[in-house]
Each structure stands twice: as C-alpha cells, then as structure tokens.
Amino acid sequence: MNRQICLATNNKGKLREYREILAPMGFVIYSPKDLNIDLDVEENGKDYRENSYLKALAFSKLVPFPVLADDSGLEILALNNFPGLHSSRFADSCGGYPQAYEEIFSRLKGKDRSARFRCCICFLENTTAKPLYFEGLCPGYILEKPSGDHGFGYDPIFHSEEADIDFGLADEETKNKYSHRFKAIQKLKLYFAIG
Ligand code: IMP
C-alpha cells in the first residue's frame, strides 16, 4: 500500500493528530498546503459520511495519492446532538470558540451534560474507488467552565470519561489514546492490517 496520503483538511489541529498517530507506522501525511492546494470544500452533506466523502473526492481530483478526509463534531445529548455536524460553523457563528463555549453553557443550564465527539473517516484510493468509512466515538461530558488550553476546538470544555481527563489539560499523547479520531484510525489500521 502507498504510504503517502493527502489529508483533506486545513484544520491544523486535525493534521497534527493524524501525523502523530500515523507517522510511527511509516505514513507520510501531506496537507493541502504542502501540495500547494488551496481548496475549501462546501460541507453540505446530510451526515458525517457524506461530508467526509465530499472532502475526500474534491481533494482526490487534485492529488496523485490516496486521500483521507474526516468529518467530526461534538454531540451534546441533551441538545439533540447539537452542534454535531455544524460544530465548526456554530463556533464561527458565535464569533469564536470562547463565545461558543459560553453559548453552550447557557443552553445547558439545568440539563444533563453528557456529550461525545464523533469522527467519521473516509479513505479514497482514487476518484473512482469505492469509499471506505471508519468511525470512532469519544464519550464524556461538558464541563461547567473551560479548563486548560490544549488541543483545539471544543477540547477546553470537554471531559473524556475513558481518559478521565479534561481534554484541555491533556497532552497530545494522552488525547490520542482515547480520541474519536484515534478510534476511527485504529479501525482503518485494522482494515489494512498494518497496525
Ligand atoms: P469539520 O470536521 O472540519 O467539519 O470540523 C469538525 C469540528 O468539530 C472542529 O472544527 C471542531 O469544532 C469540532 N471537533 C472535532 N473534533 C474535535 C476534537 O478532537 N476536539 C475539539 N473539537 C473537535
């Protein structure tokens, strides 16, 4: 298997995590920037799978390697899995993550704080190949106030039950042992029997 892969994301946090997890297995992960690609794919799919495929396909048309794309989000159970698919857009609409945290705290007053991160990876060998999907979940809950500044996105307001740590306080190695992304990547590794 070709160990050169393009990761279809401009999200530096995701890129760092994929590299950290896949580099020890000999994968070379190229970002769009490494390949001089400036592309922002419209994520108008109806679910995580569709969005991850849309991203993978758009990049696959431009690069000579297999492409990995992930679509992920924070799901808060008492808010019907909000912000979910719209996690990134919700933060933008609030004016940034600190404001999004406050909005979530206010919507969660008096409610159960159970939440989880979800990740769906799409692996696309080339534009005409059948897409392969791998999913991972990371269960936990929303904190009462932000804690730490590690990670990215919603990490500072999320406590991982399995790691028993606030993700905002976790170093990359710890987060990457329990994250939704790590679990999805484990399934990808298993599929290719390379782990
Ligand atoms: P997308 O998959 O690029 O549409 O964006 C996913 C969004 O979900 C991110 O921009 C974050 O807001 C949120 N998210 C996904 N995974 C994580 C994570 O591991 N930590 C914190 N936030 C995350």
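Everything in this summary refers to the structure shown in the same document. (Residues numbered from 1 in each chain as written. Predicted model: local features only at pLDDT ≥ 70, side-chain atom pairs only at ≥ 80, totals over all residues. Heavy atoms only, no water.)

### Section: the pairing of strand β5 (residues 114-124)
Going by this rule: Throughout this description, buried means an accessible area under 20% of the type-specific maximum (1.4 Å probe, protein chains only), exposed means over 50%, and partly exposed covers the range between. Helical segments are the DSSP runs of H or I of at least four residues, strand segments are the runs of E of at least two, and each set is numbered from the N terminus. A pair of strands is considered paired only if DSSP assigns at least 2 bridges between the two.
The element β5 is largely enclosed, with a buried count of nine among its 11 residues. Bridge analysis of strand β3 (residues 67-76) against β5 gives 10 bridges, and the strand direction is antiparallel. From the neighbouring strand, Gly 73 faces β5, where its bridge partner is Arg 118. One ladder, built from 10 bridges, connects β5 with strand β6 (residues 132-142); its direction is antiparallel. Looking at the pairing, Ile 121 lines up with Phe 134 of β6.

### With respect to the site of the ligand
The test is simple: In this text, near means that some heavy atom of the residue lies within 4 Å of the molecule or strand in question. A 3.5 Å cut-off defines polar contacts: any pair of N or O atoms within that distance qualifies, except that in protein one atom must be a possible hydrogen donor and the other a possible acceptor, and neighbouring residues in sequence count only when both atoms are side-chain atoms. Accessible surface area values rest on a Shrake-Rupley calculation with a 1.4 Å probe, where residue burial reflects the displayed protein chains alone. Cavity and pocket criteria rest on a 1 Å grid covering protein atoms alone: a 1.4 Å probe that fits but cannot get out defines a cavity, protein on both sides within 12 Å along at least 5 of 7 lines defines an open pocket, and an atom within 4 Å of a point defines a lining residue. Those molecules having more than half of their atoms within 2 Å of a cavity or pocket grid point set are described as sitting in that cavity or pocket. Put simply, Ala, Val, Leu, Ile, Met, Phe, Trp, Tyr, Cys and Pro go in the nonpolar bin, Asp, Glu, Lys and Arg in the charged bin, and everything else, Gly too, in the polar bin.
Around the ligand sit 19 residues in total, of which Lys 14, Tyr 97, Asp 155, Lys 175 and Arg 181 are the nearest. Take Asp 71: an N or O atom from its side chain is 3.2 Å from an oxygen atom of the ligand. One nitrogen or oxygen atom from the side chain of Asp 155 is found 2.8 Å from a nitrogen atom belonging to the ligand. Coverage of the ligand by the protein amounts to 95% of the 490 Å² it exposes when considered alone. The site holding the ligand turns out to be the largest pocket. Breaking the shell around the ligand down by element, the ones donating at least two residues are β3, α3 (87-94) and α6 (180-192). Take the shell around the ligand: its biggest share by element is four residues, from β3. Across the shell around the ligand, the residue classes break down as four nonpolar, seven polar and eight charged.

### Points about the packing of aromatic side chains
The following threshold applies: Ring pairs shown here join Phe, Tyr and Trp side chains whose ring centres sit within 6.5 Å, with only the six-membered ring taken for Trp; geometry is labelled stacked below 30 degrees between planes, edge-to-face above 60, and tilted in between. Distance and angle both matter: a charge sits over a ring if NZ of Lys or CZ of Arg is within 6 Å of the ring centre and within 35 degrees of the ring normal.
In total, this model carries nine aromatic pairs according to the counting rule given. Members of the aromatic cluster, joined through ring pairs, are Tyr 97, Tyr 101 and Tyr 154. Sitting over the face of the ring of Phe 27, Arg 3 holds its NZ or CZ atom 5.2 Å from the ring centroid.

### Section: the layout of surface pockets
In this approach, a probe sized like a water molecule rolls over the atoms, and the result shows the empty space that is left. Which entries qualify depends on this criterion: Grid points are joined across faces, edges and corners, and a volume is the space filled by probe spheres set on the points.
Taken as a whole, the largest pocket holds about 740 Å³ of empty space. Considering the residues around the largest pocket, the lining is formed by 31 residues, among which Asn 11, Lys 14, Glu 43, Lys 55 and Ser 88 are closest to the centre. Elements with a minimum of two residues in the lining of the largest pocket: α2 (48-60), β3, α3 and α6. Considering only residue class, the lining of the largest pocket consists of 10 nonpolar, 10 polar and 11 charged.

### So, the nonpolar core
As a reminder of what qualifies: Residues grouped as a nonpolar core are buried Ala, Val, Leu, Ile, Met, Phe, Trp, Tyr and Cys residues, joined through side-chain atoms within 4.5 Å. Residues count as neighbours in contact if any of their non-hydrogen atoms are within 4.5 Å of one another.
Within the largest apolar cluster, 19 residues are counted, with the highest numbers of intra-cluster contacts made by Leu 74, Ile 76, Ile 104, Ile 142 and Tyr 154. When residues of this core are assigned to their parent elements, the largest contribution, four residues, is made by helix α4 (residues 97-107). Beyond its immediate stretch of four places on either side in the chain, Leu 74 contacts Asn 81, Phe 82, Pro 83, Gly 84, Ser 87, Ile 104, Ala 115, Arg 116, Phe 117, Ile 142, Tyr 154 and Phe 158. Tyr 18, Phe 27, Leu 68 and Phe 123 belong to the second largest nonpolar core, which has 18 residues in total.

Nothing here speaks to function; it is all geometry.
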